[in-house]
Amino acid sequence: MKYKLSIAALLLVALSAASAQIASHASTLNAQTQSAPANHLTTQVTGKIVARVNGVALTDRELLREMFTIFPYARQHNGFPKSEEAEIRKGALDMIIFEELVYQEADRRKMTVPSATMEKAATDLRKSFPSPEKYQEFLQTECKGSHQLLLKKIRRSILIEELLQADVKGKATVSLAQAKAYYEQNPASFEYPESFRVQTISIIPPVKGNAESSAKTRKRAEDVLLQAKATKNFDDFGLLAEKLSEDDYRVSMGEHKAADRTQLPPPVLQAVLGLQAGQVSDLIQVEQAYTVVRLIAHTAAGKKTFAEVKDSVRKNLERKKADQLRADLGKKLRKTANVELLETPGVG
């Protein structure tokens, strides 16, 4: 089945304005037209050529646009994380080279775009802007005011997506039978251990306590135990934990994430093995703390059924297959191409 793309996806590569917009491969056209941080978009974009692909120049404008695609949160963070910027830049450089190679391959195959598709893409793009003035600003910035240049960019973007549909996405489908075969061949991937979910309330003695303070702490813990035993459900126990508990789990209503028996302190494990879901333990001592445990759930070890995981298995296998096909396509196209890097990958 042909995989359909929104106009936004078709125009991502070519049409997000680096001086005024941020592109995202999963965004809508409206998201594309949001403003990016001025300090990064006006001071870094100079039109410098960063690579040539079979003689076609790629500039820092395309590079920065792709960097924002890889790290769309740069707007909120006012730039890229210093520890990740070199890697983001290298990934972006590889991507714009790959996309240019794909576009040139589409042209070599004499792929075409129907005029109706072109007109719809141009119309949808124009409608995505909040005003005609914003659209004209975009047209001037990205296309030197030329509608013909805009159409060329639209065509380029659509052809890239169409070729990737034919050579990657269209070939990456995984049948239900293939997913089931993977499930049966990798049983350990779908097994899960015995686990326990609990809530706790802990009373912690003073670091430098004497016999009297220790007795008071014990008495307080026993009072907490009586109140905990009187709770009827998760919320009752959780509210009591928020109010009285002295461990870090009080902020989550005393709830701990599911843990297998090897992760539980021995006193807690011994206590929960004697409980039914919803029951509260007696007072137990975990290191220095007096603790009350409520068992939320005890899940026996088992294996997820194929029906439970079939959708996620297919999706993961298709993603891996698409990644491999995309990588193979990139290697194939690059093998016969003349790619000239004019900056060290990962270095601005």
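Q: How would you summarise the pattern of salt bridges if you had to cite specific residues and measurements?
A: Per the stated rule, a full pass over the model turns up 19 salt bridges. One salt bridge in this structure joins R52 and E340, with 3.9 Å as the shortest N-O distance. Linking R52 in strand β1 (residues 49-53) with E340 in strand β8 (residues 339-341), this pair joins segments that are 288 residues apart in sequence. For R52, a relative accessible area of 30% gives the class partly exposed.

Q: Describe the nonpolar core, listing the residues and the values that go with them.
A: F80, V102, L150 and L329 are the most contacted members of the largest nonpolar core, which has 44 residues in total. Looking at this core, the elements with two or more residues in it are β1, α4 (60-70), α6 (82-108), α7 (115-127), α8 (132-143), α9 (147-167) and α14 (306-335). The leading source of residues in this core is α6, at ten residues.

Q: Account for the sheet that holds strand β6 (residues 289-299), naming residues and giving values.
A: Within the open sheet, the three strands sit side by side as β4-β6-β5. Their pairing is antiparallel. The open sheet is flanked by β4 (195-203) and β5 (284-286), the only strands paired with a single partner. Across the sheet, the mean angle from the axis of one strand to that of its neighbour is 50 degrees, orientation sign disregarded. When β4 meets β6, the two strands line up antiparallel, connected through nine bridges. Residue V198 lies in a different strand from β6, and its bridge partner there is L295. Contacts between helix α11 (residues 211-229) and the sheet are confined to β4 and β6, with β4 contributing the most and set at about 130 degrees to the helix. Where helix α12 (residues 234-244) meets the sheet, it contacts β4 and β6, and its direction lies at approximately 40 degrees from that of β4.

Q: Residues and numbers for α14, please.
A: Between its terminal C-alpha atoms α14 stretches 41 Å, which fits the 44 Å expected from 30 residues at 1.5 Å a residue. A maximum bend of about 30 degrees is found in α14 at S312. Taken together, the buried positions of α14 are F306, V309, V313, L317, A322, L329, G330 and L333. Where α14 is buried, its residues meet α6, α9 and α10 (176-185).

Q: Requested: an account of α7, with residues and values cited.
A: Taking 1.5 Å per residue, 13 residues should reach 18 Å; α7 reaches 18 Å between its end C-alpha atoms and fits that length. Within α7, burial applies to M118, A121, A122 and L125. Down the axis of α7, the smallest arc covering the buried residues is 95 degrees, so these residues share one side. Exposed and facing more than 90 degrees away from the buried side of α7 are A116, E119 and K127.

Q: Account for the environment of F98, with residues named and values stated.
A: Secondary-structure assignment places F98 in helix α6. For F98, a relative accessible area of 9% puts it in the buried group. Linking F98 and A327, residues 229 residues apart in sequence, is a C-alpha distance of 9.6 Å. Filtering out sequence-adjacent residues up to four positions away, F98 remains in contact with L164, R326, L329 and G330.

Q: Go over the confidence of the model for the protein with me, naming the residues and quoting the values.
A: Per-residue confidence for the protein averages 85 on the pLDDT scale, and 86% of its residues sit at or above 70. Below pLDDT 50 for its whole length, residues 1-43 participates in 123 contacts with residues either more than four positions away or in separate chains.

Q: Which residues make up the packing of aromatic side chains, and what are the values?
A: Inspection of the entire model under this criterion finds nine aromatic pairs. Their ring planes at 40 degrees and their centres at 6.4 Å tell us that Y135 and F138 sit as a pair that is tilted. Placement of the pair is Y135 and F138 together in helix α8, with a separation of three residues, close to one helical turn. Using a relative accessible area of 3% as the deciding quantity, one classes F138 as buried. A ring pair is formed by Y183 and F190, whose centres lie 4.9 Å apart and whose planes are at 45 degrees; its orientation type is tilted. By relative accessible area, Y183 is classed as buried at 10%.

Q: I'd like a description of the pairing of strand β2 (residues 56-59), backed by residues and values.
A: For a regular strand, the rule is simple: side chains alternate between the two faces of the sheet. Sheet topology places β1 next to β2; four bridges connect them, and they run antiparallel. What sits directly across from V53, in β2, is V56.

Q: Any details on the side chain of H256? Residues and values, ideally.
A: Turning to its location among the elements, H256 is positioned in the loop between α12 and α13 (266-272). Residue classification places H256 among the buried residues on the basis of a relative accessible area of 18%. At a separation of 2.8 Å, a polar atom in the side chain of H256 contacts the side chain of T200. Dropping the residues within four chain positions of it, H256 is found in contact with V198, T200 and Y249.

Rules and cut-offs
Residues numbered from 1 in each chain as written. Predicted model: local features only at pLDDT ≥ 70, side-chain atom pairs only at ≥ 80, totals over all residues. Heavy atoms only, no water. Salt bridge = Lys/Arg side-chain N within 4 Å of Asp/Glu carboxyl O. Helix = DSSP H or I, 4+ residues; strand = E, 2+ residues; numbered from the N terminus. Buried < 20%, exposed > 50% of the residue type's maximum accessible area, 1.4 Å probe, protein only. Core = buried A, V, L, I, M, F, W, Y, C linked by side-chain atoms within 4.5 Å. Pairing = 2+ DSSP bridges. Axes fitted to C-alpha atoms, helices over the stretch in contact; angles between N-to-C directions. Contact = heavy atoms within 4.5 Å. Expected span 1.5 Å × (residues − 1). Bend = angle between axes of the 7 residues up to and from the residue. Arc of directions from axis to C-beta. pLDDT = per-residue confidence, 0-100. Phe/Tyr/Trp six-rings, centres within 6.5 Å; stacked < 30°, edge-to-face > 60°. Polar contact = N/O pair within 3.5 Å; in protein donor to acceptor, adjacent residues only side chain to side chain.

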